[in-house]
Amino acid sequence: DTAVSQTPKYLVTQMGNDKSIKCEQNLGHDTMYWYKQDSKKFLKIMFSYNNKELIINETVPNRFSPKSPDKAHLNLHINSLELGDSAVYFCASTQSLTGWNTGELFFGEGSRLTVL
Amino acid sequence: AQSVTQLGSHVSVSEGALVLLRCNYSSSVPPYLFWYVQYPNQGLQLLLKYTTGATLVKGINGFEAEFKKSETSFHLTKPSAHMSDAAEYFCAVSRFSSGSARQLTFGSGTQLTVLP
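In this text the structure is predicted, and so the values were computed from the model without any measurement.

Trainee: I'd love a proper account of the packing of aromatic side chains, names of residues and values included.
Mentor: Applying the stated criterion across every chain yields a total of 13 aromatic pairs over all chains. Consider the rings of Tyr50 of chain B and Phe67 of chain B, whose centres lie 4.3 Å apart with planes at 20°: the pair is stacked. Pair noted here: Tyr50 of chain B is in strand E5 (residues 44-50) and Phe67 of chain B is in strand E7 (residues 64-68), with a separation of 17 residues, a long-range link. Residue Tyr50 of chain B is classed as buried on the basis of its relative accessible area, which comes to 9%. Between Phe90 of chain B and Phe106 of chain B, the ring centres sit 6.3 Å apart and the planes meet at 90°, which makes this aromatic pair edge-to-face. Taken as a pair, Phe90 of chain B in strand E9 (residues 87-97) and Phe106 of chain B in strand E10 (residues 101-106) lie far apart in primary sequence, 16 residues in all. Across this residue pair, the class does not change: Phe90 of chain B and Phe106 of chain B are buried. Through successive ring pairs, a cluster of aromatic residues spans Tyr33, Tyr35, Phe90 and Phe107 of chain A together with Phe34, Tyr36, Phe90 and Phe106 of chain B.

This is the structure:
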């Protein structure tokens, strides 16, 4: 009964292709995130949604487009993939921002994207 | 602005020896601090967190960390390393971003190797 689940776990594709990663959480959280982890393990926040509203949008190429159909789901679509997009993408969630919240994140297992 | 610095990207200890992973933070307000662990090919898992109250925080798997405001540190320790502790460890600080949204900023990570 996974709390934050991502699909697919592995993704291998050619440069120029378009791909999507999906994330779902069953924790009842209102806020979800996408993080990118590069080959040196550095974690960088990309986007955050609170109750389907985009609240954090870091400096990310326009080729990356997040979508949140409801507060339990967050997807990431990437157009025209480039070699530098190869990384592990993590979805995470946190409880409601309307109450006291430490910011503790609950992570999915990651989606490893390899662009050839 | 809040940030964290992890001293030592790689730490090696012998099995049974003390584990000490260093983390220093900078924060203009009282911080919330976290340690996460990432095992190979997995997502990040919370080890422990400090929000308020007792400065010595105990976490899972025998780890603990002490918040020292005077030293702006939150070092992670474990008295006796086990082979299963080999993983990447991340220190993080929570800050407000975009109004009420809290955002975790991660350190660059420390790879812990446990030698037999």
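Trainee: Residues and numbers for the nonpolar core, please.
Mentor: Counting 27 residues, the largest nonpolar core has Trp35, Leu48, Leu76 and Tyr89 of chain B as its most contacted members. If you list the elements that add at least two residues to this core, you get strand E2 (10-14), strand E3 (19-26), strand E4 (32-38), E5, E7, strand E8 (73-78), E9 and strand E11 (110-115) of chain B. With near-sequence residues (within four places) excluded, Leu48 of chain B lies in contact with Leu33, Phe34, Trp35, Val57, Lys58, Gly59, Phe63, Glu64, Ala65, Phe74 and Leu76 of chain B. Ile21, Leu74, Cys91 and Leu113 of chain A belong to the second-largest nonpolar core, a separate cluster that totals 20 residues.

Trainee: Outline the sheet that holds strand E1 (residues 4-7) of chain A, supporting the account with residue identities and numerical values.
Mentor: Residues and elements named next belong to chain A. Strand order in the open sheet formed by 4 strands is E1-E3-E8-E7, and the pairing between neighbours is antiparallel. Looking at the sheet topology across the chains shown, the edges are occupied by E1 and strand E7 (64-70). Between one strand and the next, the sheet's axes are offset by a mean angle of 15°, whatever the strand orientation. As paired elements, E1 and strand E3 (residues 19-25) share 4 bridges and run antiparallel to each other. Across the sheet, the residue bridging to Val4 is Gln25, located in E3.

Trainee: Lay out the environment of Asn57 of chain A in plain terms, naming residues and giving numbers.
Mentor: Tracing the backbone through its elements, the reader meets Asn57 of chain A in strand E6 (residues 53-57). Sequence-distant contacts of Asn57 of chain A, defined by excluding residues within four places in its chain, comprise Met46 and Phe47 of chain A.

Trainee: How would you summarise the sheet that holds E3 of chain B if you had to cite specific residues and measurements?
Mentor: Residues and elements named next belong to chain B. Read across the sheet, 5 strands follow the order E1-E3-E8-E7-E6 without closing on themselves; strand pairing throughout is antiparallel. Sheet topology places strand E1 (3-7) and strand E6 (56-58) at the edges, where each strand pairs with a single neighbour. Taking each pair of neighbouring strands and ignoring which way they run, the sheet shows an average axis angle of 20°. Sheet topology places E3 next to E8; 4 bridges connect them, and they run antiparallel. Following the sheet pairing, Leu21 is matched in E8 by Leu76.

Trainee: Give me the lowdown on the interface of chain A and chain B, citing residues and values where you can.
Mentor: Quoted interface sizes are often the accessible area lost when the parts come together. Listed as interface residues are 25 residues of chain A and, on the opposing side, 23 residues of chain B. Here chain A meets chain B over a buried area of about 2000 Å², counting both sides, of which 54% is carbon and sulfur. Here chain A and chain B share 1 salt bridge between them. Of the charged contacts in the structure, one is a salt bridge between Lys49 of chain B and Glu104 of chain A, with a shortest N-O distance of 2.6 Å. There are 4 residue pairs in polar contact (both at pLDDT 80 or more) connecting chain A and chain B. Within the residue set of the side of chain A that touches chain B, elements represented by two or more residues are strand E4 (31-37), strand E5 (43-50) and E6 of chain A. If one sorts the elements of the side of chain A that touches chain B by residue count, E4 of chain A sits on top with 3 residues. A per-class count over the side of chain A that touches chain B returns 13 nonpolar, 5 polar and 7 charged.

How each quantity is defined
Residues numbered from 1 in each chain as written. Chains lettered and ligands numbered in written order. Predicted model: local features only at pLDDT ≥ 70, side-chain atom pairs only at ≥ 80, totals over all residues. Heavy atoms only, no water. Phe/Tyr/Trp six-rings, centres within 6.5 Å; stacked < 30°, edge-to-face > 60°. Helix = DSSP H or I, 4+ residues; strand = E, 2+ residues; numbered from the N terminus. Buried < 20%, exposed > 50% of the residue type's maximum accessible area, 1.4 Å probe, protein only. Core = buried A, V, L, I, M, F, W, Y, C linked by side-chain atoms within 4.5 Å. Contact = heavy atoms within 4.5 Å. Pairing = 2+ DSSP bridges. Axes fitted to C-alpha atoms, helices over the stretch in contact; angles between N-to-C directions. Buried area = accessible area lost by both parts, 1.4 Å probe. Salt bridge = Lys/Arg side-chain N within 4 Å of Asp/Glu carboxyl O. Polar contact = N/O pair within 3.5 Å; in protein donor to acceptor, adjacent residues only side chain to side chain. Nonpolar A, V, L, I, M, F, W, Y, C, P; charged D, E, K, R; others polar.

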